[in-house]
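Below, each chain spelled out in residue letters.
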Amino acid sequence: MHSTIQNLLDIETNIKNHLNKINIHKTPKIVAVSKTFKFDKILPLIKYGHIDYGENKVQEAVEKWTEIKKKNSKIKLHMIGKLQTNKVKFAVPLFDYIHSVDSEKLAKKIADEQNKINKKIKIFLQVNIGNENQKSGIDKDNLKQLISYCKGIGLDLVGLMCIPPVNIDPESYFDEMQKINKSLGFSELSMGMSSDFLKAAEYSSTYIRIGSKIFGQRH
């Protein structure tokens, strides 16, 4: 068995065991963050049947995934990085999920491009849960306004996404995100990465974004 498949199975087992101990029986989906990795690393997972993959650069994703997605319609591609408005026209035909919408300008551009090709992408709004100046994401106080705008232009909002501050215990941020997400009536929640995915799973994350723990360290 290829190491990436073994790594994925280990992660799934860890999550299941961890959640069983605290009596939670709904496990999150794992987005295998394949950014910067060449296709020979990713192919075993595709052949194994894993369908969710994450990329953070549009051009790299277009080069890597366009042909593969034509051959394998089950694959779901997730845009997890910052999406610049000038790249939206290339992202919309390829991606199935965008996790990083944080402004009306970006939302409008996505809606316009979707309408051109009659496609609906599932959208997460990125929340700057730690109020960090250097980080993308909508401020919590402006979230409802952005939600209302996105719904008004026909975007398919499925939930919220966050990246908590580094080097701080993420638990309080995950707890807050879970509560906000629930209060807004969303069914999906994108949070948790290689370093904190078990904690994110505890707080109802439905999509966990894992790269290095599946594919190994990036060079």
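Located above this text is the structure these notes cover.
On a predicted model such as this, the values are computed, not experimentally measured, just so you know. (Residues numbered from 1 in each chain as written. Predicted model: local features only at pLDDT ≥ 70, side-chain atom pairs only at ≥ 80, totals over all residues. Heavy atoms only, no water.)

(A) Summary view of the environment of Lys-26. Relative to the elements of secondary structure, Lys-26 occurs in the loop between helix H1 (3–21) and strand S1 (29–33). Separated by 179 residues in the primary sequence, Lys-26 and Ser-205 place their C-alpha atoms 9.7 Å from one another. Excluding residues that lie within four positions of it along the chain, Lys-26 makes contacts with Leu-19 and Thr-206. (Helix = DSSP H or I, 4+ residues; strand = E, 2+ residues; numbered from the N terminus. Contact = heavy atoms within 4.5 Å.)

(B) Region of the structure containing the pattern of salt bridges. Tallied over the full model, the rule gives 13 salt bridges. Residue Lys-199 pairs with Glu-171 through a salt bridge whose shortest N-O separation is 3.6 Å. Highlighted residues: Lys-199 in helix H8 (residues 197–202) and Glu-171 in helix H7 (residues 171–183), separated in sequence by 28 residues. Put simply, Asp-175 and Lys-179 hold a salt bridge, and the shortest N to O gap is 2.9 Å. In this pair, Asp-175 and Lys-179 both sit in helix H7, four residues apart, roughly one turn of the helix. Taking relative accessible area as the criterion, Asp-175 reaches 23% and is therefore assigned partly exposed. Residue Lys-179 is classed as exposed on the basis of its relative accessible area, which comes to 52%. (Salt bridge = Lys/Arg side-chain N within 4 Å of Asp/Glu carboxyl O. Buried < 20%, exposed > 50% of the residue type's maximum accessible area, 1.4 Å probe, protein only.)

(C) Representation of the nonpolar core in the model. Grouped together as the largest cluster of nonpolar side chains are 61 residues, with contacts concentrated most on Trp-65, Ile-110 and Leu-125. Per-element accounting of this core gives the leading share, five residues, to H1. (Core = buried A, V, L, I, M, F, W, Y, C linked by side-chain atoms within 4.5 Å.)

(D) Local environment of the packing of helix H2 (residues 39–48) against helix H3 (residues 58–71). The geometry of H2 relative to H3 is characterised by a closest axis approach of 12 Å and an angle of 30 degrees between their N-to-C directions. In terms of axis orientation, H2 runs roughly parallel to H3. Our pair here, H2 against H3, has a crossing hand that is right-handed. Seen from H2, the contacting residues are Phe-39, Ile-42, Leu-43 and Ile-46; seen from H3, they are Lys-64, Trp-65 and Ile-68. A breakdown of the residues in the contact of H2 with H3 according to their chemical character gives six nonpolar, no polar and one charged. (Axes fitted to C-alpha atoms, helices over the stretch in contact; angles between N-to-C directions. Parallel < 35°, antiparallel > 145°, perpendicular 65-115°, else oblique. Left-handed = near helix turned anticlockwise from the far one by under 90°. Nonpolar A, V, L, I, M, F, W, Y, C, P; charged D, E, K, R; others polar.)

(E) Expanded view of the packing of H1 against H2. Close contact between H1 and H2 brings their axes to 8 Å; oriented N to C, the two are set at 60 degrees. One way to sum up the angle between H1 and H2 is to call them oblique. The interaxial crossing formed by H1 with H2 has right-handed handedness. Side by side, H1 and H2 meet where Thr-4, Ile-5, Leu-8 and Leu-9 of the first sit next to Lys-41, Pro-44, Leu-45 and Tyr-48 of the second. Looking at the contact of H1 with H2 residue by residue, the class counts come to six nonpolar, one polar and one charged.

(F) Focus on the packing of aromatic side chains. As enumerated under the stated definition, the model contains six aromatic pairs in all. Summarising the aromatic geometry, the rings of Tyr-97 and Phe-124 are spaced 6.4 Å apart at their centres and angled 25 degrees between planes, so their arrangement reads as stacked. Taken together, the residues Tyr-97 in strand S4 (residues 97–101) and Phe-124 in strand S5 (residues 122–127) connect sequence positions 27 residues apart. The same class applies to Tyr-97 and to Phe-124, which are both buried. Grouped by ring-pair contacts, the aromatic residues Phe-39, Tyr-53 and Trp-65 constitute a single cluster. (Phe/Tyr/Trp six-rings, centres within 6.5 Å; stacked < 30°, edge-to-face > 60°.)

(G) Representation of H1. The terminal C-alpha atoms of H1 lie 27 Å apart, and with 19 residues this matches the ideal 27 Å at 1.5 Å per residue to within 8%. Listing the buried residues of H1 in full gives Thr-4, Ile-5, Leu-8, Ile-11, Ile-15 and Leu-19. For H1, the angular spread of buried residues about the axis comes to 125 degrees, placing them on one side. Buried residues along H1 sit against S1, H2, H8, strand S8 (207–210) and helix H9 (212–215). Asn-23 lies just past H1 and shows a positive phi near 65 degrees. (Expected span 1.5 Å × (residues − 1). Arc of directions from axis to C-beta.)

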